[in-house]
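# Observations on the three-dimensional arrangement
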Amino acid sequence: MRVLGIETSCDETSAAVVDDGPRLLGQIVLSQARLHERYGGVVPEIACRSHVENLTTVIERTLAAANLRPGDLDAIAVAHRPGLIGALLVGVCTAKALAWAWNLPLLAVDHLEAHLEAPRITGRTQGVAVAPPFLGVVLSGGHTDLYRVEDGARVCIGATQDDAVGEAFDKVATVLGLGYPGGPRIEREALAGDPNAVPLPRSLLGRDSLDFSFSGLKTAVLYAWRGPKALSAGPVDGAPSRPDLAASFQAAVGDVLVAKVKRALAHTGLRTVVFGGGVTANRYLRERLERELAADADLVVFPAPEFSTDNGAMIAAMGQRLLREGRVANFYLDAEPTS
Ligand code: KG4
Ligand code: ZN
């Protein structure tokens, strides 16, 4: 079954077609990062306009890349939640219009569930077969969530109380003058730094808590760079080097993620962990999580880097699952800001 997936929940305009497997037949991801860079974060109105301007071309180019025509498709899947409401609406309206015009079933995909579907996709590398029950961990710009995933059910057992992990990367990058998007820039800067150079807090909350908090860590980086009251516009005299601070921040995030996932595994008794979301593109964090969870889990699964950050393929792959289960949406489908 060939499913076209449409993703417009934030600042990537993406479409993809996957076949059974799920196997990628073609994908286009158009990043809006350049448009938002000068503002240091995503501006919702700019995101919506850019989706409107580009989505139909992105879909046409995706079909061309897959060497397919609309008549070759079996369904259209769209991310309808969670995300920026206006941005989601562009995808939902487009998907409805195409499903109507091409007489195809419409599939409503939850973006977070799709992130956890991403490791199964075969693209440039082979996907990994993984079946529930498992611990699902979404590490993205909007979410830091732990889920107990069982057949047909996904229960949130931990979430961030303030900044999402990707948001912390983005804000720390802004503080350090590295620009937007922050995640990849912090990762690159950290390569030349010492992860033990700057003492930074690791917030684990209560002894049994599965929730996260990154705002204290973010503020500690701000004070280390700009002085105790952050009165200076740039680094104060005696501030650590930028690579050392980036590496120390990244190491603190790594410690927290490892500790919380270990806790969640012990708490649930699960032995499989499925990671998803843009932050899993980070090689340092991936390697640490893989290595340090080896004794706690039998299987630790990550998406291929091409399916870590927002992409149409994961929406199509999740849509394929919905289609198989007969969970087809109708034309009353609406965009929803939360999951
Ligand atoms: O999943 P995603 O593309 O969008 C959301 O659903 O939010 O995640 C985007 C987030 C951004 O905060 C971005 O800075 C972060 O993922 N990210 C990274 C890396 N690449 C993207 N964070 C750390 N290291 C990276 N290499
Ligand atoms: Zn995402």
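The residue numbering used here restarts from 1 in each chain and proceeds along that chain's sequence as written. Each chain gets a letter, beginning with A, and each ligand a number, beginning with 1, in the order they are written. Where local features are concerned, this predicted model is filtered to residues with pLDDT of at least 70; where side-chain atom pairs are given and counted, the filter is 80 or more; whole-chain, interface and lining totals use all residues. For side-chain calculations, the full set of non-hydrogen atoms in the structure is used, while hydrogens and water are omitted.

Our next topic: the sheet that holds strand β3 (residues 23-31). Each pair of strands is called paired provided DSSP finds at least two bridges between the two strands. To qualify as a helix, a DSSP run of H or I must reach at least 4 residues; to qualify as a strand, a run of E must reach at least 2; elements of each kind are numbered from the N terminus. If you trace the 5 strands from one edge of the open sheet to the other, you get β3-β2-β1-β4-β5, paired in mixed fashion. A single partner strand is all that each edge strand has here, and the edge strands are β3 and β5 (106-110). In this sheet, adjacent strand axes meet at a mean angle of 20 degrees when their direction is disregarded. Relative to β3, strand β2 (residues 12-19) runs antiparallel, the two sharing 8 bridges. To get an axis, a line is fitted to the C-alpha atoms, and for a helix only the part in contact is used. The angle between two axes follows their N-to-C directions and goes from 0 to 180 degrees.

This part covers helix α10 (residues 312-324). Multiply 1.5 Å by the residue count of a helix minus one, and that product is the helix's expected span. An ideal rise of 1.5 Å per residue puts 18 Å on 13 residues; α10 measures up with 18 Å between its terminal C-alpha atoms. In this scheme, a residue with accessible area under 20% of its type's maximum is buried, one over 50% is exposed, and one in between is partly exposed, where area comes from a 1.4 Å probe on protein chains only. Here α10 lies mainly inside the structure; 11 of its 13 residues are buried. As for α10, its buried residues are in contact with β1 (3-7), β2, β3, β4 (75-81), β5 and α4 (111-117). Distance and chemistry together define a polar contact, namely a pair of N or O atoms within 3.5 Å, with one atom able to donate a hydrogen and the other to accept it when in protein, and with adjacent residues in sequence counting only for side-chain atoms on both sides. Capping of α10 at its N-terminal end is provided by Asn 311; its side-chain oxygen lies 3.2 Å from the backbone amide nitrogen of Ala 313. Immediately downstream of α10, the backbone of Gly 326 shows phi near 75 degrees, a positive value. By the convention used here, residues are in contact when the closest approach between their heavy atoms is within 4.5 Å.

What follows is about the pattern of salt bridges. The working definition used for a salt bridge is a side-chain nitrogen of Lys or Arg within 4 Å of a carboxyl oxygen of Asp or Glu. Here the structure, examined in full by the defined rule, presents 21 salt bridges. Residue Arg 321 pairs with Glu 117 through a salt bridge whose shortest N-O separation is 3.1 Å. Of the two residues, Arg 321 sits in helix α10 while Glu 117 sits in helix α4, which places them 204 residues apart along the sequence. Each of Arg 81, Asp 110, Glu 113, Arg 154 and Glu 336 takes part in salt bridges that share partners, so that together they form one network.

Water is not part of the atom set, so a site may look incomplete; the donors themselves are N, O and S atoms within 2.8 Å of the metal, or 3.2 Å for Na, K and Ca. Surrounding the zinc ion (ligand 2) are the protein donor atoms His 111 (NE2), His 115 (NE2) and Asp 310 (OD), at 2.0 to 2.1 Å. Sequence spacing of the donors to the zinc ion (ligand 2): H-x3-H-x194-D. Here the residue His 111 occupies a position in helix α4, and Asp 310 occupies one in the loop between β10 (299-301) and α10, the gap between them amounting to 199 residues. Both residues of the pair, His 111 and Asp 310, belong to the buried class.

This part is about the environment of Glu 189. Relative to the helices and strands, Glu 189 resides in helix α6 (residues 182-190). In the structure, Glu 189 is positioned 76 residues away from Leu 265 in sequence and 32 Å away in space, judged by C-alpha atoms. Beyond its immediate chain neighbours, meaning those up to four positions away, Glu 189 contacts Leu 178, Arg 242, Pro 243 and Ala 246.

In this section: the site of ligand 1. Whether a residue is near a molecule or strand depends on its heavy atoms: it is near if one of them lies within 4 Å of it. Around ligand 1, a shell composed of 18 residues is seen, among which Gly 141, Asp 170, Glu 187, Gly 278 and Asp 310 lie nearest. Within the side chain of His 111, one N or O atom sits 3.2 Å away from an oxygen atom of ligand 1. Backbone polar atom of Gly 166 to an oxygen atom of ligand 1: 3.1 Å apart, as the coordinates give it. Calculation of accessible area relied on Shrake-Rupley with a 1.4 Å probe; when residues are assessed, cover is drawn exclusively from the protein chains displayed. Out of a free accessible area of 550 Å², ligand 1 has 89% covered by protein chains. Among the elements of the structure, α4, α5 (165-175) and α6 are those that each provide at least two residues to the shell around ligand 1. Polarity classes work like this: nonpolar for Ala, Val, Leu, Ile, Met, Phe, Trp, Tyr, Cys and Pro, charged for Asp, Glu, Lys and Arg, and polar for all others, with Gly in that last group. Counted by class, the shell around ligand 1 contains 4 nonpolar, 11 polar and 3 charged residues.

Below, the discussion takes up the sheet that holds β10. With mixed pairing, 5 strands are arranged side by side in an open sheet as β8-β7-β6-β9-β10. Edge positions in the open sheet fall to β8 (153-158) and β10, since each of these has one partner strand only. The average angle at which neighbouring strand axes cross in this sheet is 25 degrees, direction not considered. The sheet contact formed by strand β6 (residues 134-139) and strand β9 (residues 272-276) spans 4 bridges and is parallel. Considered in β9, the bridge of Val 137 is made with Phe 275.

This paragraph deals with the pairing of β2. By the criterion of burial, β2 is predominantly enclosed, with 8 of the 8 residues buried. Neither face of β2 is exposed, since Glu 12, Ser 14, Ala 16 and Val 18 on one face and Thr 13, Ala 15, Val 17 and Asp 19 on the opposite face are all buried. Strand direction decides the pairing type here: β1 and β2, joined by 5 bridges, are antiparallel. Of the residues in β2, the one forming a bridge with Leu 4 is Val 17. Hairpin connection from β1 to β2: 4 residues lie between these consecutive antiparallel strands. As consecutive antiparallel partners, β2 and β3 are separated by 3 residues, and within that stretch Gly 21 has a phi angle of approximately 140 degrees, a positive value.

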